[in-house]
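Below, each chain spelled out in residue letters.
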Amino acid sequence: MKRATRKRTRSRIQKKSLFGKPFDGGKRMDHGGPQQQQHHHPMEHQQQPYYPQHPAMMRLYEVQKEVASLGPQVCTFSGLQHDRDYKRLERELTRLLLEVDQVDTEGKPELQGARKRAAQEVEGLLRYLEENATHPSRGAIEELSEEARRLVDERVVAPQRSGGVAEINDELVDALQQLVLRLTQVKTEGRVPLRKARYRALTRLCAVQDVIEGRTQQQTLPLPLSGDTHEAVNRINQVMVKVSVARGQLVALLMGLSGRDSCAHLSRILTEMQVELDALDVSGNAAIRNYRKQVVEEINGLLKHLDLEGEGEDTRRYDLAQNNSIREIEAVRAHVSHLREGVLRHCVMGDLSFRPKAELQSLLTHLDQVDTAKNPCIREARRRAVVEVQAIVTFLDLREALASRQPGPNEHPAHRAVWLVLGSLSDLQAQVLGFDGKRVDKSSMMLEELLTKQLLVLDAVDPDGDETTKLARKQAVKFAQNILNYLDMKTDQWEY
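Keep in mind that what you see is a predicted model, and the values were worked out from it rather than measured.

Each value, and the rule that gives it
- Every chain is numbered independently, its residues counted from 1 as its sequence is written.
- Since the coordinates come from a predicted model, pLDDT governs what is reported: local features require at least 70, and pairs of side-chain atoms require 80 or more to be given and counted, while whole-chain, interface and lining totals use all residues.
- The basis for every side-chain value is the complete set of heavy atoms in the structure, and neither hydrogens nor water enter the calculation.
- A run of H or I in DSSP becomes a helix once it reaches four residues, and a run of E becomes a strand once it reaches two; helices and strands are each numbered from the N terminus.
- Using a 1.4 Å probe on the protein chains alone, a residue whose accessible area is under 20% of its type maximum counts as buried, one over 50% counts as exposed, and one in between counts as partly exposed.
- Only heavy atoms matter for contacts: two residues are in contact if any of them lie within 4.5 Å across the pair.
- Each accessible area is a Shrake-Rupley result for a 1.4 Å probe, and residues are judged covered by the shown protein chains and nothing else.
- Any carboxyl oxygen of Asp or Glu that lies within 4 Å of a side-chain nitrogen of Lys or Arg is treated as forming a salt bridge with it.
- Where helices are involved, their axes are fitted lines through C-alpha atoms of the stretch in contact, as for all axes, and angles between N-to-C directions lie from 0 to 180°.
- In these notes the angle categories are as follows: under 35 degrees is roughly parallel, over 145 is roughly antiparallel, 65 to 115 is roughly perpendicular, and the rest is oblique.
- Should the near helix be turned anticlockwise from the far one by less than a right angle, the crossing is termed left-handed; should it be turned clockwise, right-handed.
- Here the expected length of a helix is defined as 1.5 Å per residue gap, with one fewer gap than residues.
- Given a residue, its bend is the angle between the two axes fitted to the seven residues that end at it and to the seven that start from it.
- Per-residue confidence from the predictor is reported as pLDDT, a score between 0 and 100.
- Following the grouping adopted for this structure description, the nonpolar residues are Ala, Val, Leu, Ile, Met, Phe, Trp, Tyr, Cys and Pro, the charged ones are Asp, Glu, Lys and Arg, and the polar ones are all others, Gly among them.
- Pairing of aromatic side chains here covers Phe, Tyr and the six-membered ring of Trp, requires ring centres within 6.5 Å, and sorts the geometry by plane angle: under 30 degrees stacked, over 60 edge-to-face, intermediate tilted.
- By arc we mean the arc of the directions from the helix axis to the C-beta atoms, nothing more.

## Digging into the overall build of the protein
When helices and strands are tallied, the protein shows 16 helices and two strands. Counting only residues that meet the buried cut, the protein has 45% of its 496 residues in that class. In the protein, the share of contacts with a sequence separation of at least 24, taken over all contacts with a separation of at least 6, comes to 76%. With an accessible surface of roughly 25,900 Å², the protein has 49% of that area assigned to carbon and sulfur atoms.

## Looking at the pattern of salt bridges
Taken as a whole, this structure holds 29 salt bridges when the rule is applied. Here K108 and E106 are joined by a salt bridge, their closest N and O atoms 3.0 Å apart. What makes K108 partly exposed here is its relative accessible area of 22%. E106 gets classed as partly exposed once you look at its relative accessible area, which sits at 48%. Salt bridges sharing common partners tie together R59, E66, E92, R95 and E99.

## Quick look at the side chain of Q429
Position of Q429 relative to the elements: it lies in helix α14 (residues 413-434). Assessed through its relative accessible area of 4%, Q429 is described here as buried. Those residues in contact with Q429 that sit more than four places away from it in its chain are A391, T394, F395, F479 and I483.

## Thoughts on unusual backbone geometry
Its identity is not glycine, yet E106 carries a phi of approximately 55 degrees, on the positive side. Note on placement: E106 falls in the loop between α3 (84-101) and α4 (109-133).

## Things to note about the packing of helix α12 (residues 357-368) against helix α13 (residues 376-404)
Across the interface, α12 lies against α13 with an axial gap of 10 Å and an inter-helix angle of 160 degrees. What the angle tells us is that α12 and α13 run roughly antiparallel. Helix-helix and strand crossings are classified by hand; for α12 and α13 the assignment is left-handed. Side by side, α12 and α13 meet where K357, L360, L364, L367 and D368 of the first sit next to R382, A385, V386, V389, Q390, I392, V393, L396 and D397 of the second.

## With respect to helix α2 (residues 55-75)
With 21 residues, α2 extends 30 Å between its outermost C-alpha atoms, agreeing within 8% with the 30 Å of an ideal straight helix rising 1.5 Å per residue. The axis of α2 is deflected most strongly, by about 30 degrees, at S69, and proline P72 appears within four residues downstream.

## Considering the confidence of the model for the protein
Mean pLDDT over the protein works out to 81, with 82% of the residues at or above the 70 mark. Confidence drops under a pLDDT of 50 for residues 1-49, and excluding neighbours within four residues, the segment shows 106 contacts in the predicted structure.

## Brief notes about the packing of α2 against α3
Between α2 and α3, whose axes approach to 11 Å, the crossing angle comes to 160 degrees. The orientation of α2 with respect to α3, classified from their angle, is roughly antiparallel. Between α2 and α3 lies a crossing whose hand is left-handed. Residues R59, L60, V63, E66, V67, L70, Q73 and V74 of α2 form the contact with α3, whose participating residues are R88, L89, E92, L93, R95, L96, E99 and V100. Residue composition of the contact of α2 with α3, by class: nine nonpolar, one polar and six charged.

## Observations regarding the packing of aromatic side chains
Overall, the coordinates contain one aromatic pair when judged by the stated rule. The interplanar angle of 50 degrees and the centroid separation of 5.9 Å between the aromatic rings of F77 and Y86 together place this pair among those described as tilted. The exposure class assigned to Y86 is buried, which follows from its relative accessible area of 3%.

## Some thoughts on the environment of E92
Among the structural elements, E92 can be located in helix α3. Overall, the relative accessible area of 24% leaves E92 in the partly exposed class. For the pair E92 and L126, spaced 34 residues apart in sequence, the C-alpha to C-alpha distance is 9.8 Å.

## Focus on the environment of L172
Summarising the element assignment, L172 is placed in helix α6 (residues 170-184). Along the backbone, L172 and L151 are 21 residues apart, and their C-alpha atoms lie at a distance of 8.2 Å. Each residue touching L172, except ones within four places of it in the same chain, is listed here: L151, R155, V156, E167 and I212.

## Remarks on α3
A rise of 1.5 Å per residue sets the reference length of α3, with its 18 residues, at 26 Å; its end C-alpha atoms lie 26 Å apart and thus fit the reference within 8%. Y86, L89, E90, L93, T94, L96, L97 and V100 are the residues of α3 that are buried. Down the axis of α3, the buried side of the element spans an arc of 160 degrees, and every buried residue falls inside it.

## Structural notes on the environment of E147
Mapping E147 onto the fold places it in helix α5 (residues 136-161). For the pair E147 and L176, spaced 29 residues apart in sequence, the C-alpha to C-alpha distance is 9.8 Å. Excluding anything up to four places from it in sequence, E147 contacts L179 and R182.

Laid out in structure tokens, this is it:
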């Protein structure tokens, strides 16, 4: 019944609300949230007389009120189709669609138009809800989250539940970092639901990473102290055992691997540990005081991660376009773009006097000082800005080296061949710096092919034992690969 009704209504969608205001499917956002729709009386949009007191119009007004309350929920829903909230929203919107179809317009064109617009708006919300829950990027986020859950369950949670020891090492930390990087690469197309889903997955994985790395550091410390030192030490040691258990519970909670525990329950347990430690009399013993302080700090470190349950729901941190650090980075990128245009313009004229290296270096210093707040997306944005600056610097350096080069009569032929390739690479890098398109563009594929050919030419150069040529060829290969990586970065359409 739902499918049939929705299919009938799809054919008449023109994305207008009941009162003539276009519905945008939640894509027009103000700071990451749904734009509030302002509804006006139909008489403001129609020259023909309406029937504001007609039963049909009154019922449509009631539907519109319900749509207004459901709209923001739909436009910020970041889950999947099997989630309880998805089913609730789909059920409510389908009910409204059925009610709209059942409104009797008595054949009056004005009432028929109002009913049609109401149906279109409800259908638009249904479609937007389904599109985001089934979007390929949403699936990619879920797949990466599931991969992280399996990894953490196998290496951390399951061993602790069976009474063993979690397998925490550099390999695990590196695997988690790779998952974080892959999550930052998932494209959101500026959609709030996708931004929220990616943000929630990242915050949880980064929190787990923080907890696990903290545990790795703890394992290298000469603690706990011997119980013979002071009677309070035994109690602190007991608390440390509880903290270790709580750490595993926290990781399970963050990754959705805990069926029984809750954040509130774990928070109470950790707070009770703090109270127990505060009540201890350490009798002025500095070593025991430091020991207790360290355990308290570790408890505080676990507690700070317990507020993630509503993260991305009650805040708008997922909307990085409004983040101050991102704004700083974007301001730097705008300046870099201006300098890049100037550099390319002067190079075309053969003028090497424009060398804003000091200005570019100051931008690198500025980027280094940008606060990323341990947010992997902000770190990635900063890294990309740094690469953009460095690309201009290396371009200027090579241009200067080519202009000042004075080969001697006894120069090795292979060395001369490497410099010829470097000249070609400099011209290609100028084109890459000025390129502003997509990966599928013909010019992008042509640049990639030409750069790859230069790598093949370098591969064919035989140094014939000449160390200078070996070093030059190695640097040229690295230069070509850096240009290819830069082109790849420019065309991957990454966004916050």
